[in-house]
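Okay, here's what each chain looks like letter by letter:
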Amino acid sequence: MGIEEYGGGQGPEPDVLVVTTNDAPGYRVQEVLGEVFGLTVRSRHLGSQIGAGLKSMVGGELKGLTKTLVETRTQAMGRLVEQARARGANGVLAFRFDVTEAADVGTEVCAYGTAVVLARE
């Protein structure tokens, strides 16, 4: 797995700026539109579950699970950006991920933050 498969996030010039901070340096908040989120639930197929179980007995990174979690977070973030854009936002502040087990059948990943309209200072 190459380094590009381990990371996520936005490209260099996104139309909706997503930051983990409570403000965005160089911008001022013109309007707060409220909370937005993107949610996805993923399960692993039986073959990869068995492979992960075997790997966990000998130790080391579970690369298949890592790749799946990266893809899942990217999908959740994409849905958050779509929701923010649909509400007229060009920014999301205080961006976070929440990850929980979903009824023992999968992993729920929620990307959330505050949708805002930003203006350059």
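Everything here concerns the structure above.
Remember, predicted model here, so these are calculated numbers, not experimental data. (Residues numbered from 1 in each chain as written. Predicted model: local features only at pLDDT ≥ 70, side-chain atom pairs only at ≥ 80, totals over all residues. Heavy atoms only, no water.)

A. Region of the structure containing the nonpolar core. One finds Val18, Leu80, Ala84 and Val92 to be the most contacted residues of the largest nonpolar core, which totals 16 residues. Those elements that provide at least two residues to this core are strand 2 (27–42), helix 2 (63–86), strand 3 (91–102) and strand 4 (106–120). Element by element, the count of residues in this core is highest for helix 2, at five residues. Look past the residues within four positions of Leu80 in its chain and what remains in contact with it is Val18, Val36, Phe37, Gly38, Val92, Phe95, Ala111, Tyr112 and Gly113. (Core = buried A, V, L, I, M, F, W, Y, C linked by side-chain atoms within 4.5 Å. Buried < 20%, exposed > 50% of the residue type's maximum accessible area, 1.4 Å probe, protein only. Helix = DSSP H or I, 4+ residues; strand = E, 2+ residues; numbered from the N terminus. Contact = heavy atoms within 4.5 Å.)

B. Here's a closer look at the packing of aromatic side chains. In total, this model carries one aromatic pair according to the counting rule given. Judged by centre distance (5.0 Å) and plane angle (75°), the ring pair of Phe95 and Phe97 falls under edge-to-face. When the ring centre of Phe97 is taken as reference, the NZ or CZ atom of Arg73 above it lies at 4.6 Å. (Phe/Tyr/Trp six-rings, centres within 6.5 Å; stacked < 30°, edge-to-face > 60°. Lys NZ or Arg CZ within 6 Å of the ring centre and 35° of its normal.)

C. Here's a closer look at the environment of Ala76. Mapped onto the fold, Ala76 is located in helix 2. For Ala76, a relative accessible area of 0% translates into the label buried. For Ala76 and Val41, which are 35 residues apart along the polypeptide, the C-alpha to C-alpha distance reads 9.1 Å. Every residue in contact with Ala76, bar those within four places of it in the chain, is listed here: Gly38, Thr40, Val109 and Ala111.

As far as function goes, none of this settles anything; it's purely spatial.
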